[in-house]
Amino acid sequence: MLQALLWDVDGTLGETERDGHRVAFNQAFESLDVPWRWSEAYYGELLSVTGGRERLLHDMQRHSDAPSDESARRTLAEQLHRLKNAHYARIVREGRLPLRPGVAELMSDCERAGLRMGIATTTSRSNVTALLEQHLGPKWHSRFVTVVCAEEAPKKKPDPQVYQMALASLRLHAHEAVAIEDSPAGMQAALSAGLPVIVTHSGYFPAFRSDAALAVGSSLAQTEGWRPRAAAGAERIDLSQITAWFERSPRAQ
Ligand code: XBP
Ligand code: MG
(Lines give C-alpha, C1' and ligand atoms only; values in the text may rest on other atoms or scores of the structure.)
(Ligands and ions follow the chains in the order given, each with its own letter.)
Protein backbone atom coordinates (compact mmCIF):
# COMPACT_ATOMS: atom_id res chain seq x y z
CA MET A 1 0.00 0.00 0.00
CA LEU A 2 1.22 3.49 -0.82
CA GLN A 3 2.49 5.14 2.36
CA ALA A 4 4.31 8.26 1.15
CA LEU A 5 5.03 10.49 -1.79
CA LEU A 6 8.54 11.95 -2.15
CA TRP A 7 8.96 15.18 -4.11
CA ASP A 8 12.04 16.29 -6.00
CA VAL A 9 12.36 20.11 -6.03
CA ASP A 10 14.20 21.65 -8.99
CA GLY A 11 12.31 21.10 -12.22
CA THR A 12 9.55 19.13 -10.49
CA LEU A 13 7.99 21.71 -8.15
CA GLY A 14 8.86 24.61 -10.46
CA GLU A 15 10.98 25.58 -13.47
CA THR A 16 13.60 26.67 -10.98
CA GLU A 17 16.65 25.91 -13.13
CA ARG A 18 16.10 28.14 -16.17
CA ASP A 19 14.31 31.01 -14.43
CA GLY A 20 15.87 30.72 -10.98
CA HIS A 21 19.29 29.14 -10.48
CA ARG A 22 20.63 30.09 -13.93
CA VAL A 23 19.61 33.74 -13.56
CA ALA A 24 20.99 33.80 -10.01
CA PHE A 25 24.32 32.29 -11.08
CA ASN A 26 24.66 35.06 -13.69
CA GLN A 27 23.83 37.69 -11.05
CA ALA A 28 26.49 36.17 -8.77
CA PHE A 29 29.07 36.40 -11.58
CA GLU A 30 28.09 40.02 -12.06
CA SER A 31 28.27 40.79 -8.32
CA LEU A 32 31.88 39.58 -8.22
CA ASP A 33 32.88 41.15 -11.54
CA VAL A 34 33.42 37.73 -13.05
CA PRO A 35 32.86 38.00 -16.83
CA TRP A 36 31.24 34.55 -17.29
CA ARG A 37 27.56 34.23 -18.23
CA TRP A 38 25.47 31.09 -18.69
CA SER A 39 22.94 31.17 -21.55
CA GLU A 40 19.72 29.16 -21.36
CA ALA A 41 21.09 26.62 -23.83
CA TYR A 42 24.50 26.29 -22.22
CA TYR A 43 22.97 25.92 -18.75
CA GLY A 44 20.99 22.97 -20.13
CA GLU A 45 24.30 21.28 -20.95
CA LEU A 46 25.69 22.14 -17.52
CA LEU A 47 22.76 20.38 -15.85
CA SER A 48 24.48 17.08 -16.55
CA VAL A 49 26.59 18.10 -13.53
CA THR A 50 24.35 18.01 -10.46
CA GLY A 51 25.01 20.40 -7.59
CA GLY A 52 25.60 24.13 -8.00
CA ARG A 53 29.13 24.15 -6.57
CA GLU A 54 30.09 21.13 -8.63
CA ARG A 55 28.63 22.83 -11.74
CA LEU A 56 30.73 25.94 -11.12
CA LEU A 57 33.92 23.92 -10.66
CA HIS A 58 33.19 21.94 -13.80
CA ASP A 59 32.65 25.10 -15.87
CA MET A 60 35.85 26.72 -14.53
CA GLN A 61 37.83 24.11 -16.47
CA ARG A 62 37.02 25.92 -19.73
CA HIS A 63 37.85 29.44 -18.50
CA SER A 64 41.45 30.53 -18.91
CA ASP A 65 40.74 33.39 -16.47
CA ALA A 66 39.68 31.01 -13.66
CA PRO A 67 42.14 30.69 -10.74
CA SER A 68 44.79 28.14 -11.58
CA ASP A 69 45.21 26.49 -8.22
CA GLU A 70 42.64 24.07 -6.88
CA SER A 71 42.04 25.68 -3.50
CA ALA A 72 41.50 29.16 -5.02
CA ARG A 73 38.96 27.62 -7.41
CA ARG A 74 37.12 26.03 -4.51
CA THR A 75 37.07 29.31 -2.60
CA LEU A 76 35.69 31.15 -5.63
CA ALA A 77 33.08 28.43 -6.22
CA GLU A 78 32.00 28.65 -2.55
CA GLN A 79 31.71 32.44 -2.76
CA LEU A 80 29.78 32.39 -6.04
CA HIS A 81 27.50 29.65 -4.76
CA ARG A 82 26.63 31.54 -1.57
CA LEU A 83 25.84 34.65 -3.59
CA LYS A 84 23.86 32.62 -6.12
CA ASN A 85 21.66 31.20 -3.37
CA ALA A 86 21.02 34.70 -1.98
CA HIS A 87 20.02 35.96 -5.46
CA TYR A 88 17.85 32.86 -5.93
CA ALA A 89 15.97 33.55 -2.68
CA ARG A 90 15.31 37.12 -3.82
CA ILE A 91 14.03 35.95 -7.23
CA VAL A 92 11.64 33.58 -5.43
CA ARG A 93 10.45 36.31 -3.02
CA GLU A 94 9.77 38.59 -5.99
CA GLY A 95 7.22 36.01 -7.14
CA ARG A 96 9.14 35.08 -10.27
CA LEU A 97 9.15 31.30 -9.71
CA PRO A 98 5.64 29.81 -9.61
CA LEU A 99 4.94 26.19 -8.74
CA ARG A 100 4.33 24.03 -11.79
CA PRO A 101 0.62 23.50 -12.55
CA GLY A 102 -0.91 20.58 -10.68
CA VAL A 103 1.71 20.49 -7.92
CA ALA A 104 -0.26 22.35 -5.23
CA GLU A 105 -3.37 20.35 -6.10
CA LEU A 106 -1.61 17.00 -5.73
CA MET A 107 -0.11 18.13 -2.41
CA SER A 108 -3.62 18.99 -1.20
CA ASP A 109 -4.88 15.56 -2.34
CA CYS A 110 -2.17 13.91 -0.23
CA GLU A 111 -3.11 15.96 2.81
CA ARG A 112 -6.79 15.23 2.46
CA ALA A 113 -6.03 11.52 2.18
CA GLY A 114 -3.55 11.57 5.08
CA LEU A 115 -0.73 10.42 2.81
CA ARG A 116 2.65 11.49 4.14
CA MET A 117 4.88 13.64 1.93
CA GLY A 118 8.62 14.19 1.91
CA ILE A 119 11.13 16.31 0.03
CA ALA A 120 14.19 14.59 -1.45
CA THR A 121 16.49 17.05 -3.18
CA THR A 122 20.18 17.62 -3.60
CA THR A 123 19.75 21.37 -3.82
CA SER A 124 20.73 23.56 -0.84
CA ARG A 125 18.25 23.81 2.04
CA SER A 126 18.04 27.61 1.72
CA ASN A 127 16.66 27.23 -1.82
CA VAL A 128 13.97 24.79 -0.69
CA THR A 129 13.01 27.03 2.23
CA ALA A 130 12.75 30.10 -0.02
CA LEU A 131 10.58 28.33 -2.60
CA LEU A 132 8.24 26.53 -0.21
CA GLU A 133 7.84 29.45 2.19
CA GLN A 134 6.83 31.61 -0.76
CA HIS A 135 4.22 29.15 -2.01
CA LEU A 136 3.05 27.23 1.06
CA GLY A 137 3.56 29.87 3.76
CA PRO A 138 5.73 30.07 6.87
CA LYS A 139 4.50 26.72 8.20
CA TRP A 140 5.43 24.87 5.00
CA HIS A 141 7.69 22.49 6.90
CA SER A 142 4.78 20.97 8.82
CA ARG A 143 3.35 19.64 5.55
CA PHE A 144 6.31 17.32 5.02
CA VAL A 145 7.31 14.47 7.28
CA THR A 146 10.88 14.63 6.05
CA VAL A 147 12.92 17.24 4.14
CA VAL A 148 16.28 15.92 2.96
CA CYS A 149 18.54 18.42 1.17
CA ALA A 150 22.16 18.67 -0.05
CA GLU A 151 23.43 19.41 3.46
CA GLU A 152 22.27 15.99 4.70
CA ALA A 153 22.86 14.12 1.43
CA PRO A 154 26.14 15.40 -0.02
CA LYS A 155 26.26 12.69 -2.68
CA LYS A 156 24.32 14.38 -5.47
CA LYS A 157 21.73 12.63 -7.64
CA PRO A 158 21.98 10.20 -9.47
CA ASP A 159 23.40 8.79 -6.25
CA PRO A 160 20.46 7.27 -4.30
CA GLN A 161 21.66 8.67 -0.94
CA VAL A 162 19.00 11.39 -0.68
CA TYR A 163 16.17 8.90 -1.26
CA GLN A 164 17.68 6.33 1.07
CA MET A 165 17.85 8.96 3.80
CA ALA A 166 14.27 10.09 3.19
CA LEU A 167 13.02 6.48 3.36
CA ALA A 168 15.03 5.82 6.53
CA SER A 169 13.57 8.85 8.24
CA LEU A 170 10.05 7.77 7.23
CA ARG A 171 10.87 4.21 8.38
CA LEU A 172 9.57 2.92 5.05
CA HIS A 173 10.77 0.40 2.52
CA ALA A 174 11.22 1.63 -1.04
CA HIS A 175 8.23 -0.40 -2.25
CA GLU A 176 5.93 1.59 0.07
CA ALA A 177 6.57 5.01 -1.46
CA VAL A 178 6.67 6.78 -4.81
CA ALA A 179 9.02 9.53 -6.05
CA ILE A 180 8.16 12.38 -8.43
CA GLU A 181 11.06 13.54 -10.59
CA ASP A 182 11.78 15.49 -13.77
CA SER A 183 15.34 14.62 -14.82
CA PRO A 184 17.40 11.58 -15.79
CA ALA A 185 19.68 11.99 -12.74
CA GLY A 186 16.69 12.33 -10.42
CA MET A 187 14.90 9.35 -11.91
CA GLN A 188 18.06 7.28 -11.62
CA ALA A 189 18.55 8.29 -7.98
CA ALA A 190 15.03 7.14 -7.09
CA LEU A 191 15.28 3.91 -9.09
CA SER A 192 18.64 3.08 -7.52
CA ALA A 193 17.01 3.47 -4.11
CA GLY A 194 14.39 0.94 -5.26
CA LEU A 195 11.55 3.46 -5.54
CA PRO A 196 8.87 3.54 -8.21
CA VAL A 197 9.15 6.92 -10.01
CA ILE A 198 6.71 9.20 -11.76
CA VAL A 199 8.40 11.53 -14.25
CA THR A 200 6.98 14.96 -15.11
CA HIS A 201 9.26 16.28 -17.82
CA SER A 202 10.54 19.80 -17.18
CA GLY A 203 11.73 22.42 -19.69
CA TYR A 204 15.32 21.22 -19.71
CA PHE A 205 14.37 17.54 -19.82
CA PRO A 206 11.46 17.31 -22.29
CA ALA A 207 12.40 13.75 -23.27
CA PHE A 208 14.76 11.04 -22.08
CA ARG A 209 14.77 7.31 -21.83
CA SER A 210 12.37 6.57 -19.01
CA ASP A 211 11.06 3.05 -19.65
CA ALA A 212 11.79 2.14 -16.04
CA ALA A 213 9.48 4.86 -14.70
CA LEU A 214 6.05 4.02 -13.35
CA ALA A 215 4.49 6.76 -15.46
CA VAL A 216 5.79 9.58 -17.63
CA GLY A 217 4.09 12.78 -18.74
CA SER A 218 4.62 16.46 -19.33
CA SER A 219 2.48 17.98 -16.60
CA LEU A 220 0.53 17.01 -13.49
CA ALA A 221 -2.13 19.46 -14.61
CA GLN A 222 -3.18 17.45 -17.65
CA THR A 223 -4.04 13.82 -18.31
CA GLU A 224 -3.25 13.84 -22.02
CA GLY A 225 -0.04 12.29 -23.25
CA TRP A 226 0.79 10.23 -20.17
CA ARG A 227 2.29 6.78 -20.52
CA PRO A 228 0.61 4.60 -19.32
CA ARG A 229 -2.63 6.38 -20.13
CA ALA A 230 -4.33 8.28 -17.33
CA ALA A 231 -7.90 7.34 -16.38
CA ALA A 232 -10.56 8.80 -18.63
CA GLY A 233 -12.60 11.65 -17.22
CA ALA A 234 -10.02 13.03 -14.80
CA GLU A 235 -8.85 16.61 -15.30
CA ARG A 236 -5.40 16.28 -13.82
CA ILE A 237 -3.02 13.72 -12.34
CA ASP A 238 -4.54 13.34 -8.91
CA LEU A 239 -3.75 11.02 -6.01
CA SER A 240 -6.17 8.34 -7.19
CA GLN A 241 -4.27 8.17 -10.48
CA ILE A 242 -0.90 8.01 -8.72
CA THR A 243 -2.26 5.22 -6.50
CA ALA A 244 -3.61 3.31 -9.50
CA TRP A 245 -0.22 3.45 -11.23
CA PHE A 246 1.54 2.56 -7.98
CA GLU A 247 -0.59 -0.53 -7.49
CA ARG A 248 0.47 -1.79 -10.92
CA SER A 249 4.16 -1.35 -10.14
CA PRO A 250 6.27 -4.50 -9.78
CA ARG A 251 8.27 -2.48 -7.23
CA ALA A 252 5.15 -2.06 -5.09
CA GLN A 253 4.48 -5.80 -4.71
C1 XBP B 1 19.02 20.01 -8.69
C2 XBP B 1 20.44 20.36 -8.66
C3 XBP B 1 20.88 21.57 -7.93
C4 XBP B 1 20.36 22.89 -8.48
C5 XBP B 1 21.06 24.05 -7.87
O6 XBP B 1 18.70 19.21 -7.61
O7 XBP B 1 21.26 19.68 -9.24
O8 XBP B 1 22.28 21.60 -7.99
O9 XBP B 1 20.59 22.95 -9.88
O10 XBP B 1 21.03 24.02 -6.49
P11 XBP B 1 17.22 18.51 -7.44
P12 XBP B 1 22.36 24.16 -5.60
O13 XBP B 1 16.59 18.28 -8.80
O14 XBP B 1 17.54 17.27 -6.68
O15 XBP B 1 16.38 19.45 -6.62
O16 XBP B 1 23.11 25.32 -6.17
O17 XBP B 1 21.87 24.41 -4.22
O18 XBP B 1 23.14 22.89 -5.75
MG1 MG C 1 14.87 17.88 -10.53
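Counting restarts for each chain: residues are numbered from 1 in the order of the written sequence. Chains carry letters and ligands carry numbers; both start at the beginning, A for chains and 1 for ligands, and go up in the order they are written. This being a predicted model, a pLDDT of at least 70 is required before a residue's local features are given, and a value of 80 or more before pairs of side-chain atoms are given or counted; all residues contribute to the totals for chains, interfaces and linings. Computation of side-chain values: all heavy atoms of the structure, hydrogens and water removed.

Draft legend 1. Region of interest: the side chain of Thr-16. Within the secondary structure, Thr-16 is located in helix α1 (residues 16-31). The residues contacting Thr-16, other than those within four sequence positions of it, are Asp-10, Gly-11, His-21, Tyr-88, Leu-97 and Leu-131. The helix count covers DSSP runs of H or I at least four residues long, the strand count covers runs of E at least two residues long, and both are numbered beginning at the N terminus. Only heavy atoms enter the contact rule, under which two residues are in contact if any of them lie within 4.5 Å.

Draft legend 2. Expanded view of the packing of helix α4 (residues 70-93) against helix α6 (residues 125-136). At a closest axis distance of 9 Å, the pairing of α4 and α6 adopts a crossing angle of 5 degrees. Judged on the interaxial angle alone, α6 and α4 are roughly parallel. Two secondary-structure elements touch here, α4 through Lys-84, Asn-85, Tyr-88, Ala-89, Val-92 and Arg-93 and α6 through Ser-126, Asn-127, Ala-130, Leu-131 and Gln-134. Gly falls in the polar group here, along with every residue not listed as nonpolar (Ala, Val, Leu, Ile, Met, Phe, Trp, Tyr, Cys, Pro) or charged (Asp, Glu, Lys, Arg). Classifying every residue of the contact of α4 with α6 by side-chain character gives 5 nonpolar, 4 polar and 2 charged. Between the N-to-C directions of two axes lies an angle of 0 to 180 degrees, each axis being a line fitted to C-alpha atoms and, for a helix, fitted only over the stretch in contact. For classification purposes, angles smaller than 35 degrees are called roughly parallel, those larger than 145 roughly antiparallel, those between 65 and 115 roughly perpendicular, and all remaining angles oblique.

Draft legend 3. How the structure looks around the coordination of the magnesium ion (ligand 2). Protein coordination at the magnesium ion (ligand 2): the donors are Asp-8 (OD), Asp-10 (O) and Asp-182 (OD), at 2.1 to 2.2 Å from the metal. Coordinating donors are taken to be N, O and S atoms lying within 2.8 Å of the metal, or within 3.2 Å when the metal is Na, K or Ca; because water is excluded from the atom set, some sites may appear incomplete. Linear spacing of the donor residues for the magnesium ion (ligand 2) on their chain is D-x1-D-x171-D. With Asp-8 in the loop between β1 (4-7) and α1 and Asp-182 in the loop between β4 (177-181) and α8 (184-192), this pair connects stretches of sequence that are 174 residues apart. Each member of the pair, Asp-8 together with Asp-182, is buried. Any residue under 20% of the maximum accessible area for its type is buried, any over 50% is exposed, and the rest in between are partly exposed; the area is computed with a 1.4 Å probe on protein chains only.

Draft legend 4. Expanded view of helix α3 (residues 52-60). If you check which residues of α3 are buried, you get Gly-52, Arg-55, Leu-56, Leu-57, Asp-59 and Met-60. Its buried side turned inward, α3 meets α1, α2 (40-46) and α4.

Draft legend 5. Focus on the domain arrangement of the chain. All domain edges in this entry derive from an automatic or database-based domain assignment. Parsing the chain into structural domains produces domain 1 (4-15 + 99-252) and domain 2 (17-93). Computed over C-alpha atoms, the centres of domain 1 and domain 2 are 26 Å apart. With 15 residues of domain 1 at the contact, the number on the domain 2 side is 20 residues. Here domain 1 and domain 2 share an interface that buries about 1,400 Å² over both sides, 52% of which is from carbon and sulfur atoms. Where Glu-54 meets Lys-156, a salt bridge forms, and the shortest distance between an N and an O atom there is 2.9 Å. Distance and chemistry together define a polar contact, namely a pair of N or O atoms within 3.5 Å, with one atom able to donate a hydrogen and the other to accept it when in protein, and with adjacent residues in sequence counting only for side-chain atoms on both sides. The tally of links between domain 1 and domain 2 comes to 7 residue pairs in polar contact (both at pLDDT 80 or more). Tallying contributions element by element places α6 first for the side of domain 1 that touches domain 2, with 5 residues. Two parts placed together each lose some accessible area; with a 1.4 Å probe, that loss summed over both constitutes the buried area. Each reported salt bridge corresponds to a side-chain nitrogen of Lys or Arg within 4 Å of a carboxyl oxygen of Asp or Glu.

Draft legend 6. Inspection of unusual backbone geometry at higher detail. Residue Pro-158 is bonded to the preceding Lys-157 through a cis peptide linkage, with omega at 20 degrees. With respect to the helices and strands, the residue Pro-158 is situated in the loop between β3 (146-148) and α7 (161-170). For Asp-33, which is not glycine, the phi dihedral falls at a positive 55 degrees. Looking at where Asp-33 falls in the secondary structure, it is placed in the loop between α1 and α2. Residue Asp-33 is classed as exposed on the basis of its relative accessible area of 71%. Of note, the phi angle at Arg-171 is positive, near 55 degrees, even though the residue is not glycine. Among the secondary structure elements, Arg-171 is positioned in the loop between α7 and β4. What makes Arg-171 exposed here is its relative accessible area of 77%.

Draft legend 7. Expanded view of the packing of α3 against α4. Put simply, α3 and α4 touch, their axes get as near as 9 Å, and they point 130 degrees apart. By the criterion of interaxial angle, the relationship of α3 to α4 is oblique. Seen along the crossing, α3 lies across α4 with a hand that is right-handed. On α4, the residues that touch Gly-52, Arg-53, Leu-56, Leu-57 and Met-60 of α3 are Arg-73, Arg-74, Leu-76, Ala-77, Glu-78, Leu-80 and His-81. By convention, the crossing between two helices is left-handed when the near helix turns anticlockwise from the far helix through less than a right angle, and right-handed when the turn is clockwise.

Draft legend 8. Focus on the packing of aromatic side chains. The criterion for an aromatic pair is that two Phe, Tyr or Trp rings (for Trp, the six-membered ring) have centres within 6.5 Å, with stacked assigned to planes under 30 degrees apart, edge-to-face to planes over 60 apart and tilted to the rest. Tallied over the entire structure, the rule returns 8 aromatic pairs. Whether a charge lies above a ring is judged from NZ of Lys or CZ of Arg, which has to be within 6 Å of the ring centre and within 35 degrees of the ring normal. Here Lys-84 stacks its cationic end above the ring of Phe-25, 4.9 Å away from the centre of that ring. Above the ring of Tyr-88, the side-chain terminus of Lys-84 is found at 5.9 Å from the ring centroid.

Draft legend 9. Highlighting the environment of Met-187. Summarising the element assignment, Met-187 is placed in helix α8. Note on Met-187: relative accessible area 6%, which makes it buried. Along the backbone, Met-187 and Val-92 are 95 residues apart, and their C-alpha atoms lie at a distance of 25 Å.

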